[in-house]
Amino acid sequence: FSWEKTNQSLVYALKLEKIIMIFLFSSLTLLISQAISGGFLLLFNRLKFDLASLWVLGISNAKLFSSSLSFFTIFSFALCLLGAAFGFFFSKFIEIYGGNLMPSVFVEKGIPIYITYESTFISIFIPFFISSFFLFGALKRVFEKQNHLTTIRTTS
């Protein structure tokens, strides 16, 4: 007898857990993507008067687009680094004080935390690429729809 044959319910539960975790990860990724793009659209809606005033001063739309894209890309990368640093320090905190958090019923009270270069790379660049993708889309949509002359006329 193999272990899989004797513990079929456990094997089924592990497969089901894997499917549920993939579903939750996909749903969370979709939700976060919508939140990022909505946040960018709200931010750019508030900045449209500043962009229009820079256009009046003589900066072209292409220059406004490229400088906005580069600034917000650097800003997104800095926030991803900050989030990874916070996650690193939080995981170290849990690693040190995790035994106090677990109930005394458990024999193994330590929480196993493994930090590798690959996981650090993934935790920084996957959110950065998602953010950059939605940043470019939101910025492109705002610059396609925005008429600077109409924006300036509404302020006076």
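Please read all numbers here as calculations on a predicted model, not as lab measurements. (Residues numbered from 1 in each chain as written. Predicted model: local features only at pLDDT ≥ 70, side-chain atom pairs only at ≥ 80, totals over all residues. Heavy atoms only, no water.)

Some details on the overall build of the protein chain
Part 1 of the argument: Helix and strand counts for the protein chain come out as six helices and zero strands.
Part 2 of the argument: Along the chain direction, N to C, the helices and strands of the protein chain fall in the order α-α-α-α-α-α.
Part 3 of the argument: Residue burial in the protein chain is summarised as follows: out of 156 residues, 19% are buried.
Part 4 of the argument: Intrachain contacts of the protein chain at a sequence separation of at least 6 include 78% that bridge at least 24 residues.
Part 5 of the argument: Total accessible area on the protein chain stands at roughly 12000 Å², and carbon and sulfur atoms take up 72% of it. (Helix = DSSP H or I, 4+ residues; strand = E, 2+ residues; numbered from the N terminus. Buried < 20%, exposed > 50% of the residue type's maximum accessible area, 1.4 Å probe, protein only. Contact = heavy atoms within 4.5 Å. Areas by Shrake-Rupley, 256 points an atom, 1.4 Å probe, with all protein chains shown as cover.)

What about the packing of helix α2 (residues 8-46) against helix α5 (residues 117-145)?
Part 1 of the argument: Running from N to C, α2 and α5 point in directions that differ by 40 degrees, and their axes come no closer than 9 Å. Accordingly, the angle class assigned to the pair α2 and α5 is oblique. At the point where α2 passes α5, the crossing takes the right-handed sense. For the pair formed by α2 and α5, the contact residues are Thr29, Ser33, Ile36, Ser37, Phe40, Leu41 and Phe44 on the first element and Ile130, Ser131, Phe134, Leu135, Ala138, Leu139, Arg141 and Val142 on the second. (Axes fitted to C-alpha atoms, helices over the stretch in contact; angles between N-to-C directions. Parallel < 35°, antiparallel > 145°, perpendicular 65-115°, else oblique. Left-handed = near helix turned anticlockwise from the far one by under 90°.)

With respect to the packing of aromatic side chains
Two measures describe an aromatic ring pair: the distance that separates the ring centres and the angle between the ring planes.
Part 1 of the argument: Inspection of the entire model under this criterion finds 15 aromatic pairs.
Part 2 of the argument: Arranged with centres 6.1 Å apart and planes meeting at 10 degrees, the rings of Phe71 and Phe75 form a pair that is stacked. Taken together, the residues Phe71 and Phe75, both in helix α4 (residues 61-101) and four residues apart, mark about one turn of the helix.
Part 3 of the argument: Taking the relative accessible area as the measure of exposure, Phe71 reaches 48% and is therefore partly exposed.
Part 4 of the argument: Both rings, one in Phe77 and one in Phe128, keep their centres 5.2 Å apart while their planes meet at 80 degrees; by these two values the pair is edge-to-face. Placement of the pair is Phe77 in helix α4 and Phe128 in helix α5, with a sequence separation of 51 residues.
Part 5 of the argument: Residue classification places Phe77 among the partly exposed positions, given a relative accessible area of 28%.
Part 6 of the argument: Through a chain of ring-to-ring contacts, the aromatic side chains of Phe40, Phe44, Phe71, Phe72 and Phe75 assemble into a single cluster. (Phe/Tyr/Trp six-rings, centres within 6.5 Å; stacked < 30°, edge-to-face > 60°.)

Some points on a nonpolar patch on the surface
Part 1 of the argument: Taken together, the side chains of Tyr12, Leu16, Ile20, Met21, Phe23 and Leu24 present a nonpolar region at the surface, about 640 Å² in accessible area.
Part 2 of the argument: Assignment of secondary structure puts Met21 in helix α2. (Patch = residues over 30% accessible without salt bridge, like charges linked within 9 Å, V, L, I, M, F, W, Y side chains within 5 Å. Salt bridge = Lys/Arg side-chain N within 4 Å of Asp/Glu carboxyl O.)

Digging into the side chain of Ser37
Part 1 of the argument: Structurally, Ser37 is set in helix α2.
Part 2 of the argument: One polar contact links the side chain of Ser37 to the main-chain carbonyl oxygen of Gln34, over a distance of 3.1 Å.
Part 3 of the argument: Sequence-distant contacts of Ser37, that is, excluding residues within four places in its chain, are made with Phe134 and Ala138. (Polar contact = N/O pair within 3.5 Å; in protein donor to acceptor, adjacent residues only side chain to side chain.)

Some thoughts on the nonpolar core
Part 1 of the argument: One finds Phe40, Phe44, Leu51, Leu64, Phe65, Phe72, Leu135, Ala138, Leu139, Val142 and Phe143 forming the largest nonpolar core, which totals eleven residues.
Part 2 of the argument: Listing elements by their share of this core, those giving two or more residues are α2, α4 and α5.
Part 3 of the argument: Broken down by element, the residue count for this core peaks at five residues, all from α5.
Part 4 of the argument: With sequence-adjacent residues up to four places away left out, Phe40 is seen in contact with Ser76, Ser131, Phe134, Leu135 and Ala138. (Core = buried A, V, L, I, M, F, W, Y, C linked by side-chain atoms within 4.5 Å.)

Thoughts on the environment of Leu54
Part 1 of the argument: Within the fold, Leu54 resides in helix α3 (residues 48-56).
Part 2 of the argument: Residues Leu54 and His148, spaced 94 residues apart in sequence, show a C-alpha to C-alpha distance of 9.6 Å.
Part 3 of the argument: With sequence-adjacent residues up to four places away left out, Leu54 is seen in contact with Ile59 and Leu64.

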